[in-house]
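Results of the structural survey
If you want the building blocks of each chain, they are given just below.
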Amino acid sequence: MRPSKQDVRDFLVTRRGKVTPEQAGLSHYGGNRRVPGLRREEVALLAGVSVDYYTRLEKGNLAGASESVLHSIASALQLDDAERAHLLDLARALDGGSAARPRRTPRSRVRPGLQLVLDGMAGMPAFVTNARMDLLAWNPLGGAFLGPLLDFAAATGTAATGG
C-alpha cells in the first residue's frame, strides 16, 4: 500500500514531539510551549532548511526532496537507523518514481537566431553554454578568447560544438 501525505505528517510530527530543545542543544525560551518537543522552526534551523520548506515537507509533500535534505531532517529529529530508513522509504514512495522519468536531453546546439546575435556582438567575446557548462556556440572573438579551451576540447573529444 502506498503511503499517504497523512502518514508522512504523522511520522514527522510524532518524531518532532519526542525531541526536546535541550536534547537538540537549543536554548529553552520560556516555560509555556504549545507543542511537545521541537517546534517546526527549530527543526528547520537544525536541518538547515527554511521554515516554509520544512512545513511543506511535514505536510507530506516529500516529492522531490533530496536525500541530503532528508538526512538533515533525520539528524535534526535524532532518528535512529530504522526511522531514517522509513523516512527515505516514504519519500521514495511519494515521489511517484520520478527517478524513472527520462530527463530532457540538454541542447547541444543553439538556434540559428542566437548564433546571429552572437555574431552581431563583434566588439566583444561572447559564448553560450548549457546547464552543464558545455560550450555550445561563440562568436569570432569568443573563439579567440576560448582558443586554448577549444583546442583542449578538440584534443580530448569533450563537448564544444559551436563556432
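Reading guide: rules and limits
Residues numbered from 1 in each chain as written. Predicted model: local features only at pLDDT ≥ 70, side-chain atom pairs only at ≥ 80, totals over all residues. Heavy atoms only, no water. Helix = DSSP H or I, 4+ residues; strand = E, 2+ residues; numbered from the N terminus. Contact = heavy atoms within 4.5 Å. Areas by Shrake-Rupley, 256 points an atom, 1.4 Å probe, with all protein chains shown as cover. Core = buried A, V, L, I, M, F, W, Y, C linked by side-chain atoms within 4.5 Å. Buried < 20%, exposed > 50% of the residue type's maximum accessible area, 1.4 Å probe, protein only. Axes fitted to C-alpha atoms, helices over the stretch in contact; angles between N-to-C directions. Parallel < 35°, antiparallel > 145°, perpendicular 65-115°, else oblique. Left-handed = near helix turned anticlockwise from the far one by under 90°. Nonpolar A, V, L, I, M, F, W, Y, C, P; charged D, E, K, R; others polar. Salt bridge = Lys/Arg side-chain N within 4 Å of Asp/Glu carboxyl O. pLDDT = per-residue confidence, 0-100.

1. A look at the overall build of the protein chain
- Of regular secondary structure, the protein chain possesses eight helices and two strands.
- Long-range pairs, those at least 24 residues apart, make up 42% of the contacts in the protein chain with a sequence separation of at least 6.
- As displayed, the protein chain offers around 10300 Å² of accessible surface, 56% of which is attributable to carbon and sulfur atoms.

2. Comments concerning the nonpolar core
- If you look at the biggest cluster of nonpolar residues, it comprises 27 residues, and the most contacted ones within it are L12, Y54, L62, L70, I73, L77 and L87.
- Elements with a contribution of two residues or more to this core: helix 1 (5-18), helix 2 (40-47), helix 3 (51-58), helix 4 (67-76) and helix 5 (81-94).
- Those residues in contact with I73 that lie beyond four places of it in its chain are L12, A47, Y54, L57 and L87.

3. Overview of unusual backbone geometry
- The phi dihedral of Q78 falls on the positive side, at around 55 degrees, and the residue is not glycine.
- Among the structural elements, Q78 can be located in the loop between helix 4 and helix 5.

4. Examining the environment of I73
- With respect to the element layout, I73 can be found in helix 4.
- Along the chain, I73 and G48 lie 25 residues apart, while their C-alpha atoms are 8.4 Å from each other.

5. Some points on the packing of helix 2 against helix 4
- Close contact between helix 2 and helix 4 brings their axes to 8 Å; oriented N to C, the two are set at 120 degrees. By the angle between their directions, the pair helix 2 and helix 4 is classed as oblique. Along this stretch, helix 2 crosses helix 4, giving a crossing that reads as right-handed. Residue-level inspection shows V43, L46 and A47 of helix 2 in contact with helix 4, the latter providing S72, I73 and A76.
- The class makeup of the residues in the contact of helix 2 with helix 4 is five nonpolar, one polar and no charged.

6. Describing the pattern of salt bridges
- Counted according to the given criterion, the structure contains six salt bridges.
- Among the salt bridges present, the one from E58 reaches R16, with a minimum N-O distance of 2.9 Å. Remark: R16 occurs in helix 1 and E58 occurs in helix 3; sequence separation between them is 42 residues. Across the pair, R16 and E58 agree in class, each one buried.
- Linking D89 and R92 is a salt bridge whose minimum nitrogen-to-oxygen distance equals 3.0 Å. Remark: R92 and D89 occur in helix 5; sequence separation between them is three residues, near one turn of the helix.
- Overlapping salt bridges bring together R16, R40 and E58 as one network.

7. What about the confidence of the model for the protein chain?
- Of the residues in the protein chain, 82% reach a pLDDT of 70 or more, and the chain-wide mean stands at 82.
- No element of the protein chain has a lower mean pLDDT than helix 8 (residues 147-156), which averages 72, and none a higher one than helix 3, which averages 93.
- For residues 97-103, every residue scores under 50 in pLDDT, and the model assigns this stretch two contacts once sequence neighbours within four places are set aside.

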